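Structure at a glance
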Amino acid sequence: MQQDLVIGIDSSTSATKATVWSADGVLVAEGRESIPMTKPAPGRFEQDPADWWGSTVAALRAVLAQIDPARIAGMSISNQRETFGVFREDGTSVRPAMVWLDQRAIDETEALAQRVGADKIRAICGKPVDVIVPINRMIWLQDNEPERFKTIDRYADVHGFLTKRLTGRWVTSTASADPSGMLNLQSLDWSAELLQAANLPAAIMPTLARPGEVIGEITRDASEATGLLTGTVLIAGGGDGQCAATGAGATEPGVAYMNLGTAVVAGVYSPTYGHDQAFRTESAVGDGGYIFETVLKSGAFLIDWFQRELASGASLPELEAEALTSPIGSGGITLLPFWQGSMTPHWDAKARGVIAGISGSSKRGDIYRALLEGLVLDQAFALDKAVAASGAKIERIVAIGGGAGSSLLLQIIADATDTPVFRAEVAEASALGAAACAAKGVGWFQSLSEAARAMTPDDLSETKPIRANVKRYAELRAIYDDLWPALSDWNARMWSFANQ
């Protein structure tokens, strides 16, 4: 039987999706299984790595019930970033895994920055100082769970753990490892300097492979669990953000992407290394190069919160219709969308959301429009810095994720950035990026760039900037950009008061 399909696994925060793709980027079949998460204390988020594996098994079994496993040429993995576990050599967990949302290591983050230097850390790993980076939580483990820490044989991100279960090898992709803050992004190897600063032994780190590289074969045990054929090749993928960029076609200069999901993640491709406080640098899921990435944790998360807490469960079409009656600037309301802290461009884990300018004339639609404008304006500032650093003029933004279904949100993005926005119809961009890695790895294409061009859609609907709106948003941005600097000191005082 002809091996004419590949599998892209997307192991995200809430679910694992197993997707089957053809060489021309057609989604043939899909399976999905949820992943539970616990919150053992305020600011702490954990998962059981056994659930990463269990959800992967269930998703693969569901999708392989729809197609013949003999048609699968290979598979690859896209994974939730900054989430990691610690293990014994055989793959059993030492403790629950820490999810990227976890904020327990604020003190350790500040201490490492003081010890090594924030600028030096960013120059090595491409990451401004932030609590989300796993190296800080590994230090927290040493300080707070020393007996457990002594039993650790292996550190692994989700990609590395799933690779171990599938192939028996502790291997991960460089594009999955680099969000850890422990990789030297220019050499694409573990940074001896950062590991030493964190007192972490290099021996516990998984072997690294480049995206698109074959890293192992499915074992007999994994075959019996999943339904995959023994010997099916596994190819290195990458973090879900970089895989989404590849799935959106942002693999060359001039194209930016914006993933409008639970978080808002945007980025631009650069062929050369660079770093800046306004964005974080990730290695691309490509033949080389980097993604200069901006991140706001409160995307769909904030919209869901607004629906539930302030809008009495009103539907999104209802809220969008009301917001359409509100003018640019939302009748004088500005919203800082820091419900989950601020990453780019402020890097303040203590940042909290603000709704400013409400009056007796304000309506629900005004506040909802201010929410959408806040999401966009926050990212526009950092994205400008990333674009400037890439050295390329951005000709279009490709929008992906659930938020791309909002015509109003896409128009705000186009107007606030003065850039055409193209909506990608592919629902699973991260999984498609992983599938492109698999397609390259099995030899269908000579390069990942070629695979991405062949497998990503090119018939995208366009939202053009409206000239009058562009002018108004430029004026609004000048006001918005001044708000957080004016409030940041007050916010820090209030955070300290609330957390005494």
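Shown above is the structure to which this text applies.
I will try to describe carefully the structure that is included in this document.

Calculation notes
- Residues numbered from 1 in each chain as written.
- Predicted model: local features only at pLDDT ≥ 70, side-chain atom pairs only at ≥ 80, totals over all residues.
- Heavy atoms only, no water.
- Helix = DSSP H or I, 4+ residues; strand = E, 2+ residues; numbered from the N terminus.
- Contact = heavy atoms within 4.5 Å.
- Areas by Shrake-Rupley, 256 points an atom, 1.4 Å probe, with all protein chains shown as cover.
- Lys, Arg positive; Asp, Glu negative; His and termini not counted.
- Charge placed at Lys NZ, Arg CZ, Asp CG, Glu CD.
- Expected span 1.5 Å × (residues − 1).
- Buried < 20%, exposed > 50% of the residue type's maximum accessible area, 1.4 Å probe, protein only.
- Core = buried A, V, L, I, M, F, W, Y, C linked by side-chain atoms within 4.5 Å.
- Salt bridge = Lys/Arg side-chain N within 4 Å of Asp/Glu carboxyl O.
- Bend = angle between axes of the 7 residues up to and from the residue.
- Pairing = 2+ DSSP bridges.
- Axes fitted to C-alpha atoms, helices over the stretch in contact; angles between N-to-C directions.
- 1 Å grid on protein atoms, 1.4 Å probe; cavity = no way out; pocket = protein on both sides within 12 Å on 5 of 7 lines; lining within 4 Å.
- Points joined across faces, edges and corners; volume = space filled by probe spheres on them.
- Nonpolar A, V, L, I, M, F, W, Y, C, P; charged D, E, K, R; others polar.

Some thoughts on the overall build of the chain
Along its length, the chain carries 17 helices and 24 strands. Across its three principal directions, the C-alpha atoms of the chain cover 65 × 50 × 45 Å. Summarising the internal contacts of the chain: among those between residues at least 6 apart in sequence, 72% fall at separations of at least 24. Working note: accessible area of the chain is about 18,800 Å², and carbon and sulfur atoms make up 49% of it. Here the chain carries 43 positive and 59 negative side-chain charges, and the mean point of each set is 2 Å from the other.

What about helix H15 (residues 429–441)?
Over its 13 residues, H15 extends 18 Å from the first C-alpha to the last, a length consistent with the 18 Å expected when each residue adds 1.5 Å. Here H15 lies mainly inside the structure; 11 of its 13 residues are buried. Along H15, the residues classified as buried are Ala 429, Ser 430, Ala 431, Leu 432, Gly 433, Ala 434, Ala 435, Ala 436, Cys 437, Ala 438 and Ala 439. Looking at the residues trailing H15, positive phi occurs at Gly 443, about 95 degrees.

Remarks on the nonpolar core
Soluble globular proteins tend to pack their nonpolar side chains together in the buried interior. Judged by nonpolar contacts, the single largest core of 135 residues is most densely connected at Met 138, Leu 200 and Ile 413. At 11 residues, the largest contribution of residues to this core is made by helix H13 (residues 364–390). Excluding residues within four positions of it along the chain, Ile 413 makes contact with Met 258, Leu 260, Val 376, Ile 397, Asp 418 and Val 421. In terms of nonpolar packing, the next biggest core, distinct from the first, is built from 34 residues, Val 57, Val 63, Leu 166 and Ile 218 among them.

Some words on the pattern of salt bridges
Evaluated as defined, the whole model comprises 27 salt bridges. It is possible to trace a salt-bridge network through shared partners that takes in Arg 81, Glu 82, Lys 127, Asp 178, Asp 240, Arg 280, Glu 282 and Glu 293.

A look at helix H17 (residues 467–498)
Each α-helix winds once per 3.6 residues, and so residues spaced three or four apart point in a common direction. Here H17 spans 44 Å end to end across 32 residues, near enough to the 46 Å set by a 1.5 Å rise per residue. The largest bend in H17 amounts to roughly 45 degrees and is located at Ser 488. Those residues of H17 that fall on the buried side of the exposure criterion are Val 470, Tyr 473, Leu 476, Arg 477, Tyr 480, Leu 483, Trp 484, Ser 488 and Asn 491. Lining the buried residues of H17 we find strand E20 (334–336), H13 and helix H14 (407–417).

A look at the pairing of strand E1 (residues 5–11)
Burial runs high along E1: 7 of the 7 residues are buried. Sheet analysis places E1 next to strand E6 (residues 72–79), joined by 7 bridges and oriented parallel. Among the inter-strand pairings, Ile 9 is bridged to a residue of E6, identified as Ile 77. The pairing of E1 with strand E2 (residues 15–21) spans 6 bridges and is classified as antiparallel. The partner of Asp 10 across the bridge, within E2, is Lys 17. Counting the residues in the hairpin turn of E1 and E2 gives 3 residues.

A short note on the sheet that holds E1
The strand order across the open sheet built from 6 strands is E3-E2-E1-E6-E15-E14, with neighbouring strands paired in mixed fashion. Pairing within the sheet leaves two strands with one partner each, and these edge strands are strand E3 (27–34) and strand E14 (214–217). Taken pair by pair, the neighbouring strands of this sheet meet at an average axis angle of 25 degrees, ignoring direction. Sheet contacts for helix H1 (residues 49–64): E1, E2, E3 and E6; angle to E3, the most-contacted strand, approximately 145 degrees.

Observations concerning empty space enclosed by the protein
If a probe the size of a water molecule is rolled over the atoms, the empty space left behind becomes visible. Here the structure, examined in full by the defined rule, presents 4 cavities of 30 Å³ or more. Of all elements in the fold, only helix H2 (106–116), helix H3 (118–125) and helix H4 (134–144) reach the threshold of two or more residues within the lining of the largest cavity. Among the residues forming the lining of the largest cavity, the class breakdown is 8 nonpolar, 3 polar and 2 charged.

A look at the side chain of Thr 463
Tracing the backbone through its elements, the reader meets Thr 463 in strand E24 (residues 461–463). For Thr 463, a relative accessible area of 16% corresponds to the buried category. Setting aside chain neighbours within four positions, we find Thr 463 in contact with Leu 410, Gln 411, Ala 414, Thr 419, Pro 420 and Val 421.

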